[in-house]
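Residues per chain, in single letters:
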Amino acid sequence: MIVAGLLASRRFLCPLLALLFLLPAGTFAMSSEVELETMVRSFERTIPVEGDSRVLPGYGYLKLGLKDITSTGISFHGYGWGRYDLADSKFYDSKSEGELVYGYFEYRKHFSTLRARLGRQHVFEGVANETIDGLWASGHASPTVSLSGYAGQPVGLTSTNGRGGDLIFGGRAAYHGNEKYDVGVSVKFSNNDGDTADRMVGVDLSWALPKDMTLFGFSKFNAEESGFAEHSWELRIPTEEFSFKPFFRYFDYDSYFGTGDKAALPFRNLANSGESVGILGLDSFWRKSETLNLGAKLKYYSYDQNDTSQFISALVDLIGEEHTRTGGELGYMRGEAANNNYLMLRLYTYQDQLPEKYWVAFVSADLLYALYDKEIFNKDSSLFLSIGAGKHFLGDALDMKLSADYSVDPYYTSDLKGMLSATYYFGRGR
C-alpha cells in the first residue's frame, strides 16, 4: 500500500525508477550506488471537521548514483521522496505527494577541469544557493582563473502561478593566487512570472594567512534594493591544542529576504520589516585529548529595531570508537523579550559499539531543555527528547531504526511522534 501511494507521486519517483530498470544489471554491480529508505511516522493532530485524528504518513526515499555510464565520463545522480497518508487523516492537502529533489547528468574527466551538469540540481557558489532545472558548467580559463555559470528555471518559484516567465542565470569568476588565496565575484539574476525576483552581486574570499590561520567570508549586495543583504566573515586560528574562530554575521531583512513576487509568507513580512541584525561571536575548542574536547561559545546580537541580546555556553564532547560520541552544552541567552531570555541544556549520545549480546546495534538520544526567566502562556520551560535504536541486517546492507520524539513548549501542548524506518543499500553486504 505504501509503495502504491509512493508510485502515485509520479513526478518524483517515475524518472528514477525508469532509469533504474532500463539499465543493464551489470551496471549496478560495477558502478552504481542505490539507496532505498522507507519510514512510517505516527502522531496525533486536531483536524478541522475531523477532530482529533491519528496521522500515519508513510515515506519513501530513493537515492541513485550511476558512475561512468559511458566512456566519455558521464554519470547520473538522482534523489527523490514520496509520502502516502496510510490513515487517510485529511491532515495533508493530498493523500500522496512527492518531489524530485535532484536528478542530473554530470560530465567530468580526470584530466580536464571542465565539469557540467544538466537537470535538476542545487547550485551553491558565490551568491547562489538555489535549486534549478537547467545547466551548470565550470572550468579553468587559465591556471589562476576559473569560471562557472548556470541557467534554467528556479524550482523555488514554481508555486507562484506556475513556471511561465520563471528564469534564473548567473555565474562566478575566481582568481587563485599561488594557493594562498582565492577571491571570487559572482552574480545572480532571477525572474518570477516575468517580474524581478532577485538581482544579487557578491564577493567571496578564502585567504591562507601565516601560522596556519585562514580568513573566510562573503558579502552579498542586493542591486534591486541597493543595499547589502548579508555579510559573513570568520577567522580560523588553530594551534596544537586550541582552535579559535571569531566571526561576524550581518543580515538586512529587506534585502536578504527578497523583493516582489519572490517573497512569500512569512518572509514577505520580514522583507518589509525594516529590521537588520549583526552577530559578533567567538567559538573556541580545546582538544584536551584524543577522546575529550572542551569548548565555549560567545555571541552578541545587535538589532536595528529590537533590543540587544547575548549568548554564552560551554560544551563537552567525548569521542569513542567509530562513530560513538557523548556530550552536552550548557548555555544562557540574555535578552529583553521573554522568549529570548532562558537557560539552555542539551545532552546527546550515540553508541554503535554495543556488545553482540544486545538485540540492537546502535542507540541514540538527544535532549534539549530551556528554562525561561519569565512565563510564556503560563509555561516557563520547553523540552525536546528524542531516542532511537537500530540494527544492521544482511551484512550491513539493511538498517532498521525505531525512534520516538517527545516535545512540550509554551506555544503548543505536548507532542509525541514515533517513526520506524528501513534503509537498504543495494550492492552492500551479502
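Everything numeric here is computed off the predicted structure, so don't read it as measured data.

1. Examining the overall build of the chain
Reasoning step 1: Each helix and strand in the chain was counted, giving five helices and 23 strands.
Reasoning step 2: The contacts in the chain between residues at least 6 apart in sequence include a share of 43% that link residues at least 24 apart.
Reasoning step 3: Total accessible area on the chain stands at roughly 24,500 Å², and carbon and sulfur atoms take up 58% of it.

2. Topic: the nonpolar core
Reasoning step 1: Membership of the largest hydrophobic core comes to 15 residues, with the highest contact counts inside it found for Ile279 and Tyr342.
Reasoning step 2: Mapped by element, the contributors of at least two residues to this core are strand S14 (242–252), strand S15 (276–287), strand S19 (342–351) and strand S20 (362–376).
Reasoning step 3: Per-element accounting of this core gives the leading share, three residues, to S20.
Reasoning step 4: Look past the residues within four positions of tyrosine 342 in its chain and what remains in contact with it is Gly331, Tyr332, Met333, Ala370, Leu371 and Tyr372.
Reasoning step 5: In terms of nonpolar packing, the next biggest core, distinct from the first, is built from seven residues, Val55, Tyr59, Trp81 and Tyr92 among them.

3. Structural notes on the pattern of salt bridges
Reasoning step 1: In total, this model carries 18 salt bridges according to the counting rule given.
Reasoning step 2: Notably, a salt bridge pairs lysine 188 with glutamate 130, separated by 2.9 Å at the nearest N-O pair. Of the two residues, lysine 188 sits in strand S10 (residues 181–192) while glutamate 130 sits in strand S7 (residues 128–142), which places them 58 residues apart along the sequence.
Reasoning step 3: The class for lysine 188 is buried, based on a relative accessible area of 5%.
Reasoning step 4: Where salt bridges share partners, they join Glu106, Arg115 and Arg117 into one cluster.

4. Some remarks on the environment of glycine 278
Reasoning step 1: Structurally, glycine 278 can be placed in strand S15.
Reasoning step 2: Note: C-alpha distance between glycine 278 and phenylalanine 251 (27 residues apart in sequence) is 6.6 Å.
Reasoning step 3: In this structure glycine 278 touches Arg249, Tyr250, Tyr300, Tyr301 and Ser302, once residues within four positions along its chain are discounted.

5. Details of the side chain of aspartate 352
Reasoning step 1: Residue placement: aspartate 352 occurs in the loop between S19 and S20.
Reasoning step 2: For aspartate 352, which is buried and forms no salt bridge, the nearest opposite charge comes from arginine 325, at a distance of 11 Å.
Reasoning step 3: There is a polar contact of 3.4 Å between the side chain of aspartate 352 and the backbone nitrogen of histidine 323.
Reasoning step 4: Those residues in contact with aspartate 352, other than ones at most four positions away along the chain, are Glu321, Glu322, His323, Thr324, Ala361 and Phe362.

6. A closer look at unusual backbone geometry
Negative phi characterises most residues that are not glycine, and trans characterises most peptide bonds.
Reasoning step 1: Despite not being glycine, phenylalanine 377 has its phi angle at roughly 50 degrees, a positive value.
Reasoning step 2: Mapped onto the secondary structure, phenylalanine 377 falls in the loop between S20 and strand S21 (379–393).
Reasoning step 3: One non-glycine residue with positive phi stands out, namely leucine 394, at about 55 degrees.
Reasoning step 4: Within the element layout of this structure, leucine 394 appears in the loop between S21 and strand S22 (398–409).

7. Comments concerning the pairing of strand S23 (residues 412–426)
Reasoning step 1: Direction of pairing for strand S1 (residues 32–47) relative to S23: antiparallel, over a ladder of nine bridges. Paired with glutamate 37 across the bridge in S23 is threonine 423.
Reasoning step 2: Taken together, S22 and the strand that follows it, S23, pair antiparallel across an intervening segment of two residues.

8. Examining the environment of alanine 397
Reasoning step 1: Looking at the secondary structure, you find alanine 397 in the loop between S21 and S22.
Reasoning step 2: With relative accessibility at 1%, the residue alanine 397 sits in the buried group.
Reasoning step 3: Along the sequence, alanine 397 and glycine 427 sit 30 residues apart, while their C-alpha atoms lie 7.6 Å from each other.

9. Thoughts on the side chain of aspartate 252
Reasoning step 1: Assignment of secondary structure puts aspartate 252 in strand S14.
Reasoning step 2: This buried residue, aspartate 252, is left without a salt bridge; lysine 220 holds the nearest opposite charge, at 13 Å.
Reasoning step 3: At a separation of 3.1 Å, a polar atom in the side chain of aspartate 252 contacts the main-chain amide nitrogen of serine 255.

10. Some points on the pairing of strand S6 (residues 115–125)
Reasoning step 1: In this structure, strand S5 (residues 96–108) lies alongside S6, joined through six bridges in antiparallel fashion. Within S6, the position partnered with tyrosine 107 by the bridge is alanine 116.
Reasoning step 2: Where S6 and S7 come together, 11 bridges link them in antiparallel fashion. Bridging across to S7, glutamate 125 finds its partner in alanine 128.

11. Description of a nonpolar patch on the surface
Reasoning step 1: Taken together, the side chains of Leu330, Leu343, Leu345, Leu347, Tyr369 and Leu371 make up a nonpolar region of the molecular surface, amounting to roughly 470 Å² of accessible area.
Reasoning step 2: When residues of the nonpolar patch are traced back to their parent elements, those giving at least two are S19 and S20.
Reasoning step 3: Top contributing element to the nonpolar patch by residue count: S19, with three residues.
Reasoning step 4: With respect to the secondary-structure elements, leucine 330 resides in strand S18 (residues 325–334).
Reasoning step 5: Residue leucine 330 is classed as partly exposed on the basis of its relative accessible area, which comes to 49%.

12. Some words on the confidence of the model for the chain
Reasoning step 1: Chain-level statistics for the chain give a pLDDT mean of 86 and a share of 88% at 70 or above.
Reasoning step 2: For residues 25–30, every residue scores under 50 in pLDDT, and the model assigns this stretch six contacts once sequence neighbours within four places are set aside.

13. Quick notes on the packing of aromatic side chains
Any pair of aromatic rings gets described here by the distance separating the centres and the angle formed by the planes.
Reasoning step 1: Tallied over the entire structure, the rule returns 17 aromatic pairs.
Reasoning step 2: Consider the rings of phenylalanine 43 and phenylalanine 91, whose centres lie 5.8 Å apart with planes at 80 degrees: the pair is edge-to-face. Here phenylalanine 43 is found in strand S1, whereas its partner phenylalanine 91 is found in the loop between strand S4 (74–85) and S5, with 48 residues between them in sequence.
Reasoning step 3: With centroids separated by 5.9 Å and ring planes inclined at 25 degrees, the aromatic side chains of tyrosine 79 and tyrosine 102 adopt a geometry described as stacked. Note that tyrosine 79 is positioned in strand S4 and tyrosine 102 in strand S5, a separation of 23 residues in sequence.
Reasoning step 4: Site record: aromatic cluster; members linked through ring pairs are Tyr59, Tyr61, Tyr79, Tyr102 and Tyr104.
Reasoning step 5: A cation over an aromatic ring shows up here: arginine 117 above the ring of tryptophan 136, its NZ or CZ 5.3 Å from the ring centre.

Criteria and cut-off values
Numbering of residues begins from 1 in every chain and follows the order in which that chain's sequence is written. Owing to the predicted nature of the model, reporting of local features is limited to residues with pLDDT of at least 70; listing and counting of side-chain atom pairs is limited to 80 or more, with chain, interface and lining totals taken over all residues. To get the side-chain values, all heavy atoms of the structure are used, and hydrogens and water are removed first. We count a stretch as a helix when DSSP gives it H or I for four or more residues in a row; a strand needs E for two or more, and each element gets its number in order from the N terminus. For this analysis, residues touch if any pair of their heavy atoms sits within 4.5 Å. For every accessible area listed, the method is Shrake-Rupley and the probe measures 1.4 Å; residues are considered covered only by the protein chains on display. Take the buried residues of types Ala, Val, Leu, Ile, Met, Phe, Trp, Tyr and Cys, join any two whose side-chain atoms come within 4.5 Å, and each joined set is a nonpolar core. Exposure classes here rest on a 1.4 Å probe applied to the protein chains alone. A residue is buried below 20% of its type maximum, exposed above 50%, and partly exposed in between. By definition here, a salt bridge exists when the distance from a side-chain nitrogen of Lys or Arg to a carboxyl oxygen of Asp or Glu is within 4 Å. When charges are counted, Lys and Arg contribute as positive and Asp and Glu as negative, whereas His and the chain ends are disregarded. Distance and chemistry together define a polar contact, namely a pair of N or O atoms within 3.5 Å, with one atom able to donate a hydrogen and the other to accept it when in protein, and with adjacent residues in sequence counting only for side-chain atoms on both sides. DSSP-based pairing: two strands are paired if at least 2 bridges between them are found. What goes into a patch is any residue over 30% in relative accessible area without a salt bridge, connected to like charges within 9 Å or, for nonpolar side chains (Val, Leu, Ile, Met, Phe, Trp, Tyr), within 5 Å. pLDDT is defined as a per-residue confidence score from the predictor, taking values between 0 and 100. Centre distance within 6.5 Å is the pairing criterion for rings of Phe, Tyr and Trp, where only the six-membered ring of Trp is used; planes under 30 degrees apart are then read as stacked, over 60 as edge-to-face, and the remainder as tilted. Placement of a positive charge over a ring is assigned whenever Lys NZ or Arg CZ falls within 6 Å of the ring centre and within 35 degrees of the normal to the ring plane.

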